[in-house]
Number of protein chains: 2
Amino acid sequence: MKLYIVGIGCGSRKGITIEAEEAIIRSDVIVGYTVYIDQIKSFYPEKECLSTGMRQEKERVELALRLADEGSIVALVCSGDSQVYGMAGLAFELSVSYPDADIEVIPGVTAALSGGAVLGSPMTHDLALISLSDLLTPMEKIEKRLQCAAEGDFVIALYNPSSKKREDYLSRACDILLKYRTSSTVCGYVRNIGREGQECRILTLGELRDTAVDMFTTVFIGNSETKVINGKMVTPRGYRNV
Amino acid sequence: MKLYIVGIGCGSRKGITIEAEEAIIRSDVIVGYTVYIDQIKSFYPEKECLSTGMRQEKERVELALRLADEGSIVALVCSGDSQVYGMAGLAFELSVSYPDADIEVIPGVTAALSGGAVLGSPMTHDLALISLSDLLTPMEKIEKRLQCAAEGDFVIALYNPSSKKREDYLSRACDILLKYRTSSTVCGYVRNIGREGQECRILTLGELRDTAVDMFTTVFIGNSETKVINGKMVTPRGYRNV
C-alpha cells in the first residue's frame, strides 16, 4: 500500500517534523537501521519495528517495499533527511519490482543544518555537502568534488569523515582544501548531534588537518568570509553591507 | 533575554519540527517577513507578531535582537532553514550590540529537501545549493560557483532562480551548466512547495534553459547519474551495485 521514506532528523526527538511524526504514527510497521530503530522504539514504544544492520541497505529497502506492496502502511526511517545519503533514492530504484508500494518521501533536517545550528550559523551562504565514504563512490570522484567545492568558495559540510578503515581521509580531504583555502579558514565539527554527549569545536583548517574525528561527527569548512563571533562559527551573507 | 532563530520549513504547517513549534509557542513575540508572519498568524492566532517587508532584513533582525535584549523571549522566523539564505548569520553579526540577547538557532527543512521530496529523490548524493540572486553576491562569484558545481558533478538546487529584474538569470545559469553537462541531464522544478497551488515538472537541462520560472520556484539539476523512474527524479547513490 503505502511506503513513507521518513527523515527523522538528528538525535533528539524534537528535531522531527510534525508530518514525519504523523507518518510514523500512521504506519503499521517501522523499518530501519538498528541504531535508528532503537531510537524510534524509545519514542514510540507501541510500534512494531523491524531493523537490519549496517550496510544492509538493499535488504532494508526491499523489506519495506515488500511489506508495503503486500498491503501494509510502512515507514522506512532515515537519520537526518530521507534523501541526503538516505534511502529514498534506492527505494525508487527498487520500486519497479513492487508496483503496489506507493512511495512518499518525507524530508527531515539533515546533519549539515542541525550541526550547523550547534556551531552558530556556518551554512548561511552557497554550500556543498560531500560524503568522504568511498564505499559507494570512487575516491577520485570524492577528491574532484572537494577540489571543485574549495575552488568555488562554498561552505562545505563533510559527512562520514572517518571510520576505522579510513582514519586518514579527513587529513587527505584537508590537504586538497588547503590548496585553495588558507590554513586559518574557520572550521568546526559536531559529534553526536542532538544526542547525549553532544560536543563541538571551532578550529582552523590547519588544526582540523591534524585532528582525529569519528564516524559520529559532521565536519564544517567555512568559506573565505566565515568568521568567529562570540565563540560561534558564522558565515555572513552580505545583508550588513546593503 | 532569548532570541530563537527558527526555520519553519516550507509552506505547510506540518513541515515544522517539534522544537521549532515549541520555540514559537514559548516566545512572547514573533518577528518575521510579512509573508511568513501571515502564515504564523494563521497557525498560532493568539501570538503577538511583528513583521517587516522584503529587503528589510537588517531592520527585522535588529528589531528581534532589541526585544530580546530588553527582556523578551523572541522567535525570529525564517522560511525553510534558519541558516540557509536565512537570518541566523546576520543575527550573530549584529548581536555584538545586544549583549543580553541569547541567540539559539533552530534548524528547519530547507527548500532543496522539501522540494526534492516532491520530485522524488534528486538530493541523494553530494549536492550544492546556489542562490542566483545577485543582490548580496557579485554575479562573477555566482557564475564561478555554478561552473565549479557543474564540473564537480554535484546535484544542484538553485534558490531565487528569477525575479522581475532578473528574468534571464536561469537561462544564463543553464548556459554555464551546459558547458559541463549534457542537454539531456535530468532537471526539475517545484513551485509553491507545500503551499496551495504547488506544482512541479521534470524536464531536461536543455528544456529548462528555455523555461520561465518565478521567484517562488526552486530548481533542481541532476548529476550525471540522475534518472527518471516512474515519473520521479531520482539520483542513485550506488547501493544497488554493492
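Residues numbered from 1 in each chain as written. Chains lettered and ligands numbered in written order. Predicted model: local features only at pLDDT ≥ 70, side-chain atom pairs only at ≥ 80, totals over all residues. Heavy atoms only, no water.

(A) The arrangement of the domain arrangement of chain A in detail. All names here are of chain A. The domains assigned to chain A are domain 1 (2–106) and domain 2 (111–234). Computed from C-alpha atoms alone, the centre-to-centre distance between domain 1 and domain 2 is 28 Å. Each side of the interface is counted separately: domain 1 has nine residues, and domain 2 has eleven residues. Interface of domain 1 and domain 2: buried area, both sides summed, is about 800 Å²; carbon and sulfur atoms make up 60% of it. In terms of surface lost to domain 2, no three residues of domain 1 exceed Cys10, Arg55 and Tyr85, which account for 59% of the buried area on that side. Between domain 1 and domain 2 we count zero salt bridges in total. Our count for the contact surface shared by domain 1 and domain 2 stands at five residue pairs in polar contact (both at pLDDT 80 or more). When grouped by side-chain class, the residues that make up the side of domain 1 that touches domain 2 number five nonpolar, three polar and one charged. (Domains from an automatic or database assignment. Contact = heavy atoms within 4.5 Å. Buried area = accessible area lost by both parts, 1.4 Å probe. Salt bridge = Lys/Arg side-chain N within 4 Å of Asp/Glu carboxyl O. Polar contact = N/O pair within 3.5 Å; in protein donor to acceptor, adjacent residues only side chain to side chain. Nonpolar A, V, L, I, M, F, W, Y, C, P; charged D, E, K, R; others polar.)

(B) The interface of chain A and chain B, seen in detail. Across the boundary between the two partners, chain A contributes 73 residues, which contact 74 residues of chain B. For the chain A and chain B pair, buried surface summed over both sides reaches about 6400 Å², with 60% attributable to carbon and sulfur atoms. Our count for the chain A to chain B interface comes out at twelve salt bridges. Note that lysine 144 of chain A and glutamate 151 of chain B form a salt bridge whose closest N and O atoms lie 3.2 Å from each other. Viewed at the interface, chain B and chain A are joined by 36 residue pairs in polar contact (both at pLDDT 80 or more). Partitioning the side of chain A that touches chain B into residue classes produces 30 nonpolar, 23 polar and 20 charged. Where strand 7 (residues 127–131) of chain A lies against strand 7 (residues 127–131) of chain B, three bridges are found, and the strand directions are antiparallel. (Pairing = 2+ DSSP bridges. Helix = DSSP H or I, 4+ residues; strand = E, 2+ residues; numbered from the N terminus.)

(C) Spatial organisation of the side chain of glutamate 21 of chain A. Looking at the element boundaries, glutamate 21 of chain A is found in helix 1 (residues 18–26). Using a relative accessible area of 16% as the deciding quantity, one classes glutamate 21 of chain A as buried. Leave out the neighbours within four places in its chain, and glutamate 21 of chain A touches Arg13, Ile16 and Tyr44 of chain A together with Ile18 of chain B. (Buried < 20%, exposed > 50% of the residue type's maximum accessible area, 1.4 Å probe, protein only.)

(D) Layout of the pairing of strand 1 (residues 2–7) of chain B. Residues and elements named next belong to chain B. Extensive coverage of strand 1 is indicated by the burial of six of its six residues. Of the two faces of strand 1, the one lined by Lys2, Tyr4 and Val6 and the one lined by Leu3, Ile5 and Gly7 are each fully buried. The pairing of strand 1 with strand 4 (residues 73–78) spans six bridges and is parallel. Along strand 4, the bridge assignment pairs valine 6 with valine 77. When strand 1 meets strand 5 (residues 102–106), the two strands line up parallel, connected through five bridges. Its bridge partner lying in strand 5, isoleucine 5 is registered against valine 105.

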